[in-house]
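Understanding the architecture of this molecule
Listed here are the chains, written in short residue letters.
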Amino acid sequence: MTRIYPRSTLKRIIHAHEPTMKMSKNVDIKIYVLYLLFLQRLVSESSRQAQLTHDSIIQSRHVTRALQMVLQQFKG
C-alpha cells in the first residue's frame, strides 16, 4: 500500500506547533483526514458562491466568502 502523505513530516509540523503535547499513534491520520474534509467543503462552497454570482470560474472573492462559512462549520 502506498502512502498518501509523509506521516513523519506531518508529525514534525504538529510537534513544532505543540511541543509539550503528546500525540497518540494515529492522530496524524485523523488530522490529515480533517484537513482533506475542510478543503473539500471549501472547494464545494466556493463553487456554490461562484454559481450564485453566475461566474464560471472560482475567484478569490468566492473563496474568501466561502472560507468564513466553512470556518464557522469547523469551529470546535
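Quick summary incoming for the structure in this document. (Residues numbered from 1 in each chain as written. Predicted model: local features only at pLDDT ≥ 70, side-chain atom pairs only at ≥ 80, totals over all residues. Heavy atoms only, no water.)

Some points on the pattern of salt bridges
Tallying each qualifying case throughout the model produces 3 salt bridges. R48 is the partner of E45 in a salt bridge, and the nearest nitrogen-oxygen pair spans 2.4 Å. Of this pair, E45 and R48 both sit in helix α2 (residues 27-52), 3 residues apart, which is roughly one turn of the helix. The residue R61 makes a salt bridge to D55 at a minimum N-O spacing of 2.7 Å. For R61, a relative accessible area of 40% gives the class partly exposed. D55 gets classed as partly exposed once you look at its relative accessible area, which sits at 24%. (Salt bridge = Lys/Arg side-chain N within 4 Å of Asp/Glu carboxyl O. Helix = DSSP H or I, 4+ residues; strand = E, 2+ residues; numbered from the N terminus. Buried < 20%, exposed > 50% of the residue type's maximum accessible area, 1.4 Å probe, protein only.)

Fair warning: the whole summary comes from geometry, so function is off the table for now.
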